[in-house]
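# Per-entry structural report
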Amino acid sequence: MRRWWWVALLFLPSDLSGQGVARYLVGVKDSSAPVLRAMAGIQYGSGVINSAQTANYPETLVLVGRMSQLRDSLYLPSDTIRFAVTGPWKRWLVWAEYDAMVRIVPDSAEDVGQPSGVNTWGVEAVGAPAAWAMGATGEGVIVTSLDSGIDPTHPGYVVAGGYNAVTRTPTGWEDNIPGCNGHGTHVGGTMADRTGKGVAKGSRLFGVKVFEPIPCGSYTSAQIAGINWAVANGSRCVNISISGGESYSVNQAVIAARQAGTLVFRANGNSNTTPPQGTAQELQTASVNGSLSRSGFSNYGPQPQTDLAAPGEGVESTMPGGGYGTKSGTSMAAPHAAGSCALLLSAHPELTADSAAILLTRSAQPLGAQPNDYTGWGLVRPDRAIAMARGGVWVAGPTTDTRTGYQEVCYPMVATKAYTVGVTAGVQWRRDGDRVCLTLGPDTPRSIQVTVTAEPAVPVGPVVAIAPQTRYQTMSGWEATAQAGHESPGFLAWQGAVMDSAVAAGVNRLRVEVISGAENTTDAYALYRAGTITNTQYKAVRYAWTNDNADPTVINPAGFHFSKLDSQMVNVVIPLRDRLAARGEALYLSLNYVSFGASTAQADPNEYAELILATFQHLQARYGFVPDAVEMILEPDNNTIWTGTAIGRALAAAGPRLAAAGFRPDFIAPSTMSMAQAVPYLDAIVAVPGALPYLKEVSYHRYAGVSDAALAGIATRAQALGLRTAMLEHIGSGVDALLADVTTGRASAWQQYTLAFPTTDDGAQYFPIVSGQVTTGSRTKLLAPIFRAVKRGAVRVGSSSPDFVTAAFLNPNGRVVVVVRTRGPGSFTLTGLPAGSYQATFTAESGTMVTTPVSGVVTVPGAGVVVVQ
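Residues numbered from 1 in each chain as written. Predicted model: local features only at pLDDT ≥ 70, side-chain atom pairs only at ≥ 80, totals over all residues. Heavy atoms only, no water.

Turning to the overall build of the protein, a few remarks are in order. The number of helices and strands found in the protein is 20 helices and 45 strands. Buried residues in the protein amount to 57% of all 869 residues. Sequence-distant contacts in the protein: of pairs separated by 6 or more residues, those separated by 24 or more amount to 72%. Summed over all atoms, the accessible surface of the protein reaches about 32400 Å², with 52% contributed by carbon and sulfur. (Helix = DSSP H or I, 4+ residues; strand = E, 2+ residues; numbered from the N terminus. Buried < 20%, exposed > 50% of the residue type's maximum accessible area, 1.4 Å probe, protein only. Contact = heavy atoms within 4.5 Å. Areas by Shrake-Rupley, 256 points an atom, 1.4 Å probe, with all protein chains shown as cover.)

This next bit is on the pattern of salt bridges. Per the counting criterion, the structure on display carries 20 salt bridges. For E513, the salt bridge goes to R511, with nearest N and O atoms at 3.6 Å. On the basis of relative accessible area, E513 is assigned to the buried category, the value being 15%. The partner of E697 in a salt bridge is R724, and the shortest N-O contact between them spans 2.9 Å. In this pair, E697 is assigned in strand β33 (residues 695-704) and R724 in strand β34 (residues 724-727), connecting sequence segments 27 residues apart. Members of the salt-bridge network, linked through shared partners, are E479, R509, D666, E697 and R724. (Salt bridge = Lys/Arg side-chain N within 4 Å of Asp/Glu carboxyl O.)

Right, let's get into the sheet that holds strand β15 (residues 263-267). With respect to topology, 7 strands assemble into an open sheet ordered β11-β12-β10-β14-β15-β16-β17, the strand pairing being parallel. The open sheet has two edge strands, β11 (158-164) and β17 (308-311), and neither has a second partner. Within the sheet, the average angular offset between the axes of one strand and its neighbour, ignoring direction, is 25°. In the sheet, strand β14 (residues 237-240) pairs with β15 via 4 bridges, with the strands oriented parallel. Counterpart to N239 in the pairing with β15 is F265. Sitting on the sheet, helix α5 (residues 183-192) touches β10 (142-147), β12 (204-209) and β14, and the angle it makes with β10 is about 160°. Sheet contacts for helix α9 (residues 353-362): β15, β16 (283-288) and β17; angle to β15, the most-contacted strand, approximately 45°. (Pairing = 2+ DSSP bridges. Axes fitted to C-alpha atoms, helices over the stretch in contact; angles between N-to-C directions.)

In this section: the confidence of the model for the protein. Of the residues in the protein, 77% reach a pLDDT of 70 or more, and the chain-wide mean stands at 82. Contacts of residues 107-117 to residues separated by more than four positions or lying in other chains number 24 contacts, the stretch itself having pLDDT below 50. (pLDDT = per-residue confidence, 0-100.)

The volume enclosed by the largest pocket comes to roughly 1400 Å³. Looking at the largest pocket, it is lined by 36 residues, and the ones nearest its centre are E124, P129, T743, T744 and S799. Looking at the lining of the largest pocket, the elements that each hand over two or more residues are α3 (121-125), α4 (128-133), β27 (463-474), α18 (708-721), α19 (735-743), β38 (795-800) and β39 (805-810). A class-by-class count of the residues in the lining of the largest pocket yields 17 nonpolar, 12 polar and 7 charged. A volume near 610 Å³ is recorded for the second largest pocket. Lining the second largest pocket are 25 residues, and of these Q483, E487, R542, K564 and Y753 sit closest to its centre. Among the secondary structure elements, those contributing two or more residues to the lining of the second largest pocket are β28 (477-484), β29 (509-515), α13 (535-541), α14 (563-582) and β35 (747-757). (1 Å grid on protein atoms, 1.4 Å probe; cavity = no way out; pocket = protein on both sides within 12 Å on 5 of 7 lines; lining within 4 Å. Points joined across faces, edges and corners; volume = space filled by probe spheres on them. Nonpolar A, V, L, I, M, F, W, Y, C, P; charged D, E, K, R; others polar.)

Tallied over the entire structure, the rule returns 1 disulfide. Paired by a disulfide, C237 and C341 hold their sulfur atoms 2.1 Å apart. Disulfide C237-C341: the torsion about the S-S bond is -75°, which places it as left-handed. Taken together, the residues span a long stretch of sequence, with C237 in strand β14 and C341 in helix α8 (residues 330-347) at a distance of 104 residues. Take C237 and C341: they sit in the same class, and that class is buried. (Disulfide = S-S within 2.5 Å.)

Let us look at the packing of α5 against α8. α8 packs onto α5 with a crossing angle of 35° between their chain directions and a minimal axis gap of 8 Å. Handedness of the α5/α8 crossing: right-handed. Contacts between α5 and α8 pair H183, H186, V187, T190 and M191 from the former with S331, M332, P335, H336, A338 and G339 from the latter. (Left-handed = near helix turned anticlockwise from the far one by under 90°.)

Another aspect to go through is the packing of aromatic side chains. As enumerated under the stated definition, the model contains 18 aromatic pairs in all. Ring geometry for Y528 and Y538: centres 5.4 Å apart, planes at 10°, overall stacked. With Y528 in helix α12 (residues 524-530) and Y538 in helix α13, this pair connects stretches of sequence that are 10 residues apart. Of the two residues, Y528 and Y538, both sit in the buried class. The structure contains a cluster of three or more aromatic residues connected by ring pairs, namely W478, W750, Y766 and F787. The positively charged end of R577 is found above the aromatic ring belonging to F625, 3.9 Å away from the centroid. The aromatic ring of Y838 is capped on one face by R815, whose charged end is 4.7 Å from the ring centroid. (Phe/Tyr/Trp six-rings, centres within 6.5 Å; stacked < 30°, edge-to-face > 60°. Lys NZ or Arg CZ within 6 Å of the ring centre and 35° of its normal.)

For α14, built from 20 residues, the straight-helix expectation of 28 Å at 1.5 Å per residue is met to within 8% by its first-to-last C-alpha distance of 27 Å. By the burial criterion, the buried members of α14 are L565, D566, S567, Q568, M569, N571, V572, V573, P575, L576 and L580. A positive backbone phi angle near 80° is found at G584, which sits one or two residues after α14. (Expected span 1.5 Å × (residues − 1).)

Topologically, N813 is positioned in the loop between β39 and β40 (816-823). A polar contact of 3.0 Å, which involves the side chain of N813, links it to the backbone nitrogen of R815. (Polar contact = N/O pair within 3.5 Å; in protein donor to acceptor, adjacent residues only side chain to side chain.)

Next up on the list: the side chain of S516. Among the secondary structure elements, S516 is positioned in the loop between β29 and α12. A relative accessible area of 0% means that S516 is categorised as buried. Within polar-contact distance, the side chain of S516 engages the side chain of S595 at 3.2 Å.

Quick look at the packing of helix α16 (residues 644-660) against helix α17 (residues 678-686) now. Packed helices, taken two at a time, are described by the angle their axes make and the gap between the axes. Contact pair α16 / α17: the axes reach a minimum separation of 7 Å and the direction vectors enclose 45°. Put simply, α16 runs oblique to α17. Taken as a pair, α16 and α17 cross one another with a handedness that is right-handed. In this structure, α16 uses G644, T645, I647, G648 and L651 to contact α17, whose residues at the interface are Y681, A684 and I685. Class assignment for the residues of the contact of α16 with α17 results in 5 nonpolar, 3 polar and no charged. (Parallel < 35°, antiparallel > 145°, perpendicular 65-115°, else oblique.)

What follows deals with the sheet that holds strand β43 (residues 849-854). Ordered by their spatial adjacency, 9 strands build an open sheet running β43-β42-β45-β40-β39-β38-β27-β41-β44, and the pairing between neighbours is mixed. Edge strands, defined here as strands with exactly one partner in the open sheet, are β43 and β44 (857-860). Sheet twist, expressed as the average angle between the axes of neighbouring strands with direction ignored, equals 25°. Taken together, the 3 bridges between β27 and strand β41 (residues 826-831) define a ladder with parallel strand orientation. Bridged to V463 within β41 is T829. Helix α20 (residues 780-789) contacts β40, β42 (838-844), β43 and β45 (863-868) of the sheet and is inclined by roughly 10° relative to β45.

A cis amide bond links Q370 with the next residue in sequence, P371, at an omega value of -15°. Structurally, P371 is set in the loop between α9 and α10 (382-390). In this structure, the amide linkage connecting A669 to the following residue, P670, adopts the cis form with an omega of 5°. Inspection of the secondary structure puts P670 in strand β32 (residues 666-674). In this model, S671 sits at a positive phi of 55°, which is unusual for a non-glycine residue. Residue class for S671 comes out buried when judged on its relative accessible area of 1%.

Sheet topology places β41 next to β44; 4 bridges connect them, and they run antiparallel. If you follow S827 over to β44, its bridge partner there is T859.

As structure tokens, then:
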């Protein structure tokens, strides 16, 4: 078998003054290196090759001599990049080209002001978490940063080894060239960092230094030596974020790498010009920003064609010294693609390099026409590539083609499972590696068809990956405040319809309110309902507190009036409780203390405990059951009395007081109006001795301080304390807030606001009463499908998709429920579902519902919510 060798020839004049240095790469026939070594000392005219240096790596030989005379001896013209050898050396040499000095892709910027430890947008955008959920982390695959070297001691990644391609030695590959600014370490971490900033977090990393000890300059011959070393040592994904250009020798090295099972990725360049900087066989990668639009600096165009796009702006990754920093450029985009290669090959190590290239490009998320000069086939998406490979067989190319005359037509394909090929009658076919080839004769029809099928079906559209083995919070219910317009005339006409609608919608948790004015010698609510005082007069005194007596340990029943609470119980709580019981479901009832008035003496811990105990005893005596929970105080940040410490003291007093009387409810706090205040209040509560053992649920509202960081902070702090979280009020919230609360905030319970009310649809009630008729609120239309499907006691499980907001749950009956928020028409593929039959119910924002069977692919007609169960 013929083997080509690439040899670096360094020609220097005997008199170094007045001439620059030139280098050539020479293609050598067969194994002619001994012949080249013999060149040392051979004289051509007045020119002499002064010395020959053989490096450790066998493909490279450096010869030193007079540049111009040796060039003349090789019969090389001086005005081209690549030369054909026609002189005496034609017997051994077939071509030569400049050994160009190239640099790191220019203009890649080092950003400032980016917070360390929180920036993983690139990893998330390419769908790496979804691939991880599918079991592909890059484990078993070695990735290579062919660059300025890497920091061999950085804790963020696992180092597999390194090589200095400049000196051709296994030492000196540390990333320590000042002008490179940690470029190679940053690139390496984007591929292999294990803390969430690397795409292939389970892979191991080679650091290959190709730069001279001058600021970020690399000869093409060093890159070839680096590629060859990486391939020889088992790396399957090599990244080169270095300026390139058309190079026959590099392209031959990349072809050889592909034949050995290795893909090489190169950054497009940052000059906003054409063409991309690289060769045809490298996978050229453009940069996109957070909006998935091409970065303004990213090179584009054909010859070579842009293959893929990946995140390249504000990318945070490893830096020398053990830290992290952010950079921008196509240098940062290419390692996202190389890391994606590692994820795909860790899931399917049997794939050839050509098959992996087909899968990575054809499964990309389209960013315009496919392919185009600016973003190629689109955003690299390893999760989609893995799903496509799991589908078994895929043909890259048209399934219908037209040919004339006698010839053979081949289509690229990937096959990982048994497959069948169907073709037009009379046409012969064969499998040729990664191709399906058709033999066409004179009688072949002008139009031929090729179909390749396998089971399961090829994924369609984006992928939603489910990981039932990953467990999060246990759901405790979908809540409403026990207000159904029961104080309004005509309530009895709509009461039944409201309760039926609530049960049908999945509401299974209610909040009843006991107000501070319940402890008073006057029953102001009864006077208002009797018409003795007006509603305005009642509102002025409803929170007014008058102590039943001076001793908080002795309850004087005459000092408590629960007529307002009883109205909620009789008209809302018990009807809903009975309907749920008839369906075999239980109501979760929470008692919420409310005090927005000036008189809030229940801030005295013992007085607070007395009121709550009196309320429980009243409910037990009158209705035969008590609430499951006590929500300590509604929106304490609406006043200056109920601090976190005050709540903690009240909790430490009420918990033991109720327990001594035989009542052991869950206590819920702090229910702050501001989401951002929930953790500070919580910290003050649990700092009070005796409070934490009784607290079960950390609650918050969404009226202020709303952010993903605040949500994540609540979830993290609650989890550290062993507590649930719950979002328990926000007028106007809908499905998007719910999904954020359930996933980022790990909320186990959620409430919009009241059950029903005779008013317009303003988001303050699940069921507005319009002209005496019960209607479904616009937000409820998308909430109800989730409420209905996810039962109390369900456990949220893993789900991920960069294309959609999703949540998945394991119901008490063992069935998985998947929720997907859609923004428009299209299809997506579900992976990871346990075996079984499923159906998808799509609910449009208008409330229209469509239910279809699911065989892995779900098609939706527009924006709304899909529930698969």
